[in-house]
Amino acid sequence: IKKQQQDVLGFLEANKIEFEEKDIAANEENRKWMRENVPEDSRPASGNPLPPRLFNDSRYLGDYEAFFEARENNAVYAFLGLTAPPGSKVGVHVFHSKP
């Protein structure tokens, strides 16, 4: 999980895409919000959704696998729902768990 989180955050930082980190390990409200807002069809068969999970404001974008696939297909900006040029202020939130 930590490597995946670092991969997502590193990509966003390298491409100057503004984002807000939401730590679910230290903040119960963040954890509850993330779990409640991951769509039913994107939840694991058992247990709770694990980070990293990406949202654009309150719209669920996907998990690490979806992000990775978008990156491999050079479609990250579309995946993130970005219409503004790179470096513009956007409402991307990355829910993660710090060790």
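Calculation criteria
- Throughout this description, residue numbers start from 1 for each chain and increase along the sequence as written.
- It should be noted that, the model being predicted, local features are given only for residues of pLDDT at least 70 and side-chain atom pairs only at 80 or more, the latter also being counted only at that level, while totals for whole chains, interfaces and linings use all residues.
- Each side-chain value is worked out from all heavy atoms of the structure, with water and hydrogens disregarded.
- UniProt positions are given in the numbering used here, feature names are shortened, and annotations may be inferred rather than shown by experiment.
- We define a nonpolar core as any set of buried Ala, Val, Leu, Ile, Met, Phe, Trp, Tyr and Cys residues linked to one another through side-chain atoms lying within 4.5 Å.
- The cut-offs for exposure are 20% and 50% of the maximum accessible area for each residue type, with area from a 1.4 Å probe on protein chains only; residues under the lower value are buried, those over the upper are exposed, and the others partly exposed.
- The secondary structure listing takes helices from DSSP runs of H or I that are at least 4 residues long and strands from runs of E that are at least 2 residues long, numbered from the N terminus.
- Residue contacts follow a heavy-atom distance rule, with two residues in contact if any of their heavy atoms lie within 4.5 Å.
- The criterion for an aromatic pair is that two Phe, Tyr or Trp rings (for Trp, the six-membered ring) have centres within 6.5 Å, with stacked assigned to planes under 30 degrees apart, edge-to-face to planes over 60 apart and tilted to the rest.

An unreviewed UniProt entry lists the chain under the name SH3 domain-binding glutamic acid-rich-like protein 1, with Chionis minor as the source organism. Check the Function (unreviewed entry) section of the UniProt entry for the chain; it says "Appears to function as an adapter protein that bridges proteins together or proteins with mRNAs. May function as a ubiquitin ligase-substrate adapter. Additionally, associates with translating cytoplasmic ribosomes and may promote the expression of specific mRNAs." Per UniProt, the comment on the chain under Subunit (unreviewed entry) is "Monomer. Interacts with PFN1/Profilin-1. Interacts with ERBB2. Interacts with ATG12. Interacts with BECN1. Interacts with translating ribosomes."

Caption draft 1: Just the nonpolar core, in detail. Core analysis: the biggest nonpolar cluster contains 15 residues, and V8, L12, L54, F67, F79 and L80 have the highest contact counts within it. Residue assignment for this core shows that the elements contributing at least two residues are α1 (2-14), α3 (64-72) and α4 (76-80). Ranked by residue count, the leading element in this core is α1, at four residues. With sequence-adjacent residues up to four places away left out, L12 is seen in contact with I17, F19, L80 and V94.

Caption draft 2: Structural detail: the packing of aromatic side chains. One pass over the full model with this rule turns up six aromatic pairs. With centroids separated by 4.9 Å and ring planes inclined at 65 degrees, the aromatic side chains of W33 and F55 adopt a geometry described as edge-to-face. In this pair, W33 sits in helix α2 (residues 28-37) while F55 sits in strand β2 (residues 53-56), placing the two residues 22 residues apart along the sequence. Plain terms: the ring middles of F67 and F79 are 6.3 Å apart, the flat faces sit at 65 degrees to each other, and that makes the pair edge-to-face. Highlighted residues: F67 in helix α3 and F79 in helix α4, separated in sequence by 12 residues. Under the relative-accessibility criterion, F67 is labelled buried at 0%. Put simply, the rings of F11, Y64, F67, F68 and F79 pair up and form one aromatic cluster.

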